[in-house]
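Below, each chain spelled out in residue letters.
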Amino acid sequence: MISPFRSFSVAVSSITSPMNTESQLHLADGFSYADLHTIHGLRRLYTAWEQFFANHNPDGYKQFCALRDRTAEELPPPQQSAILMRAAEAVELFLAHLFGIEAERRALAARIERERRITALRSEFLKRAALRHKQLDTSPQRWQILSDGYEQVQRLFPSLQWQDEEAALADAVHQLQEAARGASTNSIPPDRAAELLTLLEEYLLVRRIVAPETLSGWLLAWTPRKTDPAHLVEASTVVADGVERWHGTHLRHRDGFALTDQRASLRQVMGQIDYCMICHERQKDSCSKGFRNPDGTYKRNPLGVTLTGCPLEEHISQMHALKARGYSLAALTMVTINNPFCAGTGHRICNDCMKGCIFQKQEPVNIPQIETSVLTDVLGLPWGVELYDLLTRWNPLRLERPVPLPYNGRKVLVVGMGPAGYTLSLYLLNDGFGVVGIDGLKIEPLPVEWIGSDQVPPQPIRDWQAITEPLDRRIPRGFGGVSEYGITVRWDKNFLTLLQLILQRRGTFLLLDGVRFGGTITLEDAWEQGFDHVALCTGAGRPRIISVENNLARGVRKASDFLMSLQLTGAAQHDSFANLQLRLPTIVIGGGLTGIDTATEALAYYAIQVERFYQRACTLIAAAGEEAFWSRFRGDDRSIAEEFFAHGQAIAAERTRAAASGEQPQLLSLLQQWGGVQLVYRKRWQDSPAYRLNHEEIEKALEEGIEMIECLDPRRFVLDEHRHIRAVVFERIAWDGTRYVPTGELIELPARSVIIAAGTQPNITYEREYPGTFELDDSGRYYRAYTRAVPELVTE
């Protein structure tokens, strides 16, 4: 049977031994790297931080102690936040000193300050300018005078990097403002500085009218869009084959499976922070706490989405305020109070906070983008991985438990290593439990120098890039469940490597792959092995099977099967030998995010599949001859092989043409010529889960060339003479203003592949195998975890 734990005592004691990599990381104040991985060392670290805080900010430390020890009167939340934010700043300064990265911390803060000048140019300088310049002269003569004056300003500051005009202009305005106050070291008289500032005010206001194209991409020109719940997605419509299809208004180049979203720049992030109202100061931070009705219940938006805000009640507004002041590590410290595994959330993952943003009639603050930027800015510092790893288990701002509890002798079996499983494991570890995480998939091991072992402690990682890989060459590791195989390369899966590393460094955690609960290990086995608790973190359930004729025909598959095969077999890589066949045109049936992801990945995969086939076919033809190669194929296989060969040849020709002309290959036009990918939903798109919960993903899919069709319900899959899918027959569904009504009109759309993403249904396996042991929650979809009859669990 499975041994539930490695030796905790050996693991913990081994990490306190001298390290052969200590010369790479010199911690201050007599601490060793090993101290960061023992409870005794973390307690010492907390004491050292308290001393640092008391010396650095005596009043702030006194207030923090009163808040922590609950010796003062109950303070209003804004005052509590202010105390925590001062403590977070002390954490940043202390950790920068501890890791010897003060210079790098100051350099990052200086970058933030420079970007803040740009946001101030928009939110302060121009706002005041608009009040002073009610009537603008936009005549060509006046525009020429203003342009000449602007050139004088540029000549006045030749040392500024005017290649980045927006940043240089913000720096010039800042220096002129200093000169106008008489506080500048330059030689510009205050009167002259004030005169130039007035000229720049008018110049920028007129430029926005006369030459707005010259401000394209500037924060200065950005304005939030008004939101219309019925038209959240910008799309054009085209009628083809008797149905209306949504198309993207602008297309985005995609070629393969590299990361498709490089995330926002620091300038864009600072623009979003400047847009934020910092609502926690007025107790209006609905992004964190949700929108409430007078009776205490949550409000719903016009699409019926409950505005609960962040489910973790993350300190969002406080994070923004700290980041705006240049305290990136302090902002991350604030985040990890309630969301220690923020590497698994953030940009392109969750958006409950955006739904709850105070801006309900215009686009919300892009909070996930900011959160991920806060994390990546810290990871980009020297020893950034170690800093984040430390904050997942040591955080002075986590008042009730800043340091993990010692092992309490209780053991928990966590079934499933997806987002729920790995997050629960971290909380259990910090509460003193021993955890064994199991997953039915194969999980690739991490290098022992990263995570350590019973005999060898981990080595500190200086650079975040040392553990990252380009996504199109990254080996799928299996860790992370749906985050690994279900989410597309819109999200950086290197974060999963980071999360796996953090868990596997913990001495009271053991990860076992290829273990199926109910098969490899049963509930009875778990009790026999000494587990005290079993937590089921196995996802929402099995894919829903739709009732359609010829449901099991060739070319028809479920979205979960397609995505898992694509990601876990490495089929998306150019050197893969995985057998995953897809033909165009492809129809994806469903209206959720799984359908969106399936559609985008199917379109990207087809190009790789046929190009790979063509290249290997050419190699075999060169070695054995064309006749010998084609003689291997018979019947339907021959026609599919010829189809793939022709399409691969066309892609190769397009790449040759693009390389010769210095352009990007236009693969999308070829893919659409061969049928492309259509996403079909049985209702209106504005009623779909994807539209209601995350319409941004619909926009991104349209940008990649996906066609979207609404109000069609599948009735029959039409087969060809080889029993392969040839078309799908749909029934048109009409919306009469109150309900959906079948019209009886049948529409046939061509399809050589059909992928069904019709949602999931509860997995009843556990209830069938162990009646009365596991019970469904009130939603009827998720199982409550089960604890056997044991004495009260010790948590303190």
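A short tour of the structure in this document, coming up. Here the structure is a predicted model, which is why all the values come from computation and not from measurement.

Parameters and conventions
Residues numbered from 1 in each chain as written. Predicted model: local features only at pLDDT ≥ 70, side-chain atom pairs only at ≥ 80, totals over all residues. Heavy atoms only, no water. Phe/Tyr/Trp six-rings, centres within 6.5 Å; stacked < 30°, edge-to-face > 60°. Helix = DSSP H or I, 4+ residues; strand = E, 2+ residues; numbered from the N terminus. Buried < 20%, exposed > 50% of the residue type's maximum accessible area, 1.4 Å probe, protein only. Lys NZ or Arg CZ within 6 Å of the ring centre and 35° of its normal. Pairing = 2+ DSSP bridges. Axes fitted to C-alpha atoms, helices over the stretch in contact; angles between N-to-C directions. Contact = heavy atoms within 4.5 Å. Parallel < 35°, antiparallel > 145°, perpendicular 65-115°, else oblique. Left-handed = near helix turned anticlockwise from the far one by under 90°. Nonpolar A, V, L, I, M, F, W, Y, C, P; charged D, E, K, R; others polar. Core = buried A, V, L, I, M, F, W, Y, C linked by side-chain atoms within 4.5 Å.

### Description of the packing of aromatic side chains
Argument step 1. A complete count under the given rule lists 27 aromatic pairs for this structure.
Argument step 2. Look at Trp222 and Tyr275: their rings are 5.1 Å apart centre to centre, the planes differ by 75°, and that puts the pair in the edge-to-face class. With Trp222 in the loop between helix H8 (190-210) and strand S1 (235-240) and Tyr275 in helix H9 (residues 266-275), this pair connects stretches of sequence that are 53 residues apart.
Argument step 3. What makes Trp222 partly exposed here is its relative accessible area of 25%.
Argument step 4. The buried category is assigned to Tyr275, whose relative accessible area is 10%.
Argument step 5. Ring plane angle 50° and centroid distance 5.9 Å describe the contact between Trp630 and Phe633, whose orientation is recorded as tilted. We note that Trp630, like Phe633, is buried.
Argument step 6. One aromatic cluster in this structure is built from Tyr606, Phe613, Tyr614, Phe629, Trp630, Phe633, Phe644, Phe645 and Trp674.
Argument step 7. A cation over a ring is seen here: Arg616 above Phe577, with NZ or CZ 4.1 Å from the ring centre.

### Considering the sheet that holds strand S13 (residues 725-735)
Argument step 1. Pairing within the open sheet is antiparallel, and its 3 strands lie in the order S12-S13-S14. Bordering the open sheet on either side are strand S12 (712-719) and strand S14 (740-750), each of which pairs with just one other strand. Averaged over neighbouring strand pairs, the angle between their axes works out to 20° when direction is ignored.

### A word on unusual backbone geometry
Argument step 1. The omega torsion across Leu584 and Pro585 is 0°, close enough to zero to call that bond cis.
Argument step 2. Within the secondary structure, Pro585 sits in the loop between helix H21 (559-568) and strand S9 (586-589).
Argument step 3. One non-glycine residue, Gln283, lies in positive phi territory at about 55°.
Argument step 4. Summarising the element assignment, Gln283 is placed in the loop between H9 and helix H10 (286-289).
Argument step 5. Classification of Gln283 by relative accessible area gives partly exposed; the value is 47%.

### Examining the side chain of Thr336
Argument step 1. You can see Thr336 is positioned in the loop between helix H12 (328-335) and helix H13 (352-355).
Argument step 2. On the accessibility criterion, Thr336 (0% relative accessible area) is buried.
Argument step 3. Not counting residues up to four positions away in its chain, the partners in contact with Thr336 are Cys342, Tyr388, Leu391, Asn395 and Arg398.

### What about the packing of H9 against helix H14 (residues 367-379)?
A pair of packed helices can be characterised by two numbers: the angle between their axes and the separation between those axes.
Argument step 1. Relative orientation of the contacting elements H9 and H14 amounts to 130°, with a least axis distance of 10 Å. Taken together, the axis directions place H9 and H14 in an arrangement best described as oblique. Here H9 and H14 pass one another in a crossing that is left-handed. Counting all contacts with H9, which are made through Leu266, Val269, Gln272 and Ile273, the residues of H14 involved are Gln369, Ile370, Ser373 and Asp377.
Argument step 2. Within the contact of H9 with H14, the residues separate by chemical class into 4 nonpolar, 3 polar and 1 charged.

### Side note on the sheet that holds strand S15 (residues 753-756)
Across a sheet, strands are paired by hydrogen bonds formed along the backbone, either parallel or antiparallel in direction.
Argument step 1. As summarised here, the arrangement of the 7 strands in space is S1-S2-S11-S10-S9-S15-S8, forming an open sheet in which the pairing is mixed. Looking at which strands have only one partner, the edges of the open sheet turn out to be S1 and strand S8 (556-558). Averaged over neighbouring strand pairs, the angle between their axes works out to 25° when direction is ignored.
Argument step 2. Each of S8 and S15 is contacted by H21, which is oriented at about 80° to S8, the strand it contacts most.

### Examining the nonpolar core
Argument step 1. Formed by 105 residues in total, the largest nonpolar core has its most connected members in Trp49, Leu95, Phe99, Tyr388, Trp394, Leu498 and Leu501.
Argument step 2. With 12 residues, helix H4 (residues 77-99) is the largest single contributor of residues to this core.
Argument step 3. Once residues lying within four places of it in the same chain are set aside, the contact partners of Tyr388 are Leu332, Thr336, Pro340, Phe341, Cys342, Ala343, Leu375, Leu379, Leu498, Leu499 and Ile502.
Argument step 4. Judged by nonpolar contacts, the second largest core, of 50 residues, contains Leu232, Leu603, Tyr681 and Tyr691.

### Brief notes about the packing of helix H3 (residues 58-69) against H4
Argument step 1. Closest axis-to-axis distance for the H3/H4 pair is 9 Å, and the angle between their directions is 120°. On the basis of the axis angle, H3 is oblique to H4. For the element pair H3 and H4, the recorded crossing hand is left-handed. Residues Gly60, Gln63, Phe64 and Leu67 of H3 touch H4, and the partners they reach there are Gln80, Ile83, Leu84, Arg86 and Ala87.
Argument step 2. Split into classes, the residues belonging to the contact of H3 with H4 amount to 5 nonpolar, 3 polar and 1 charged.

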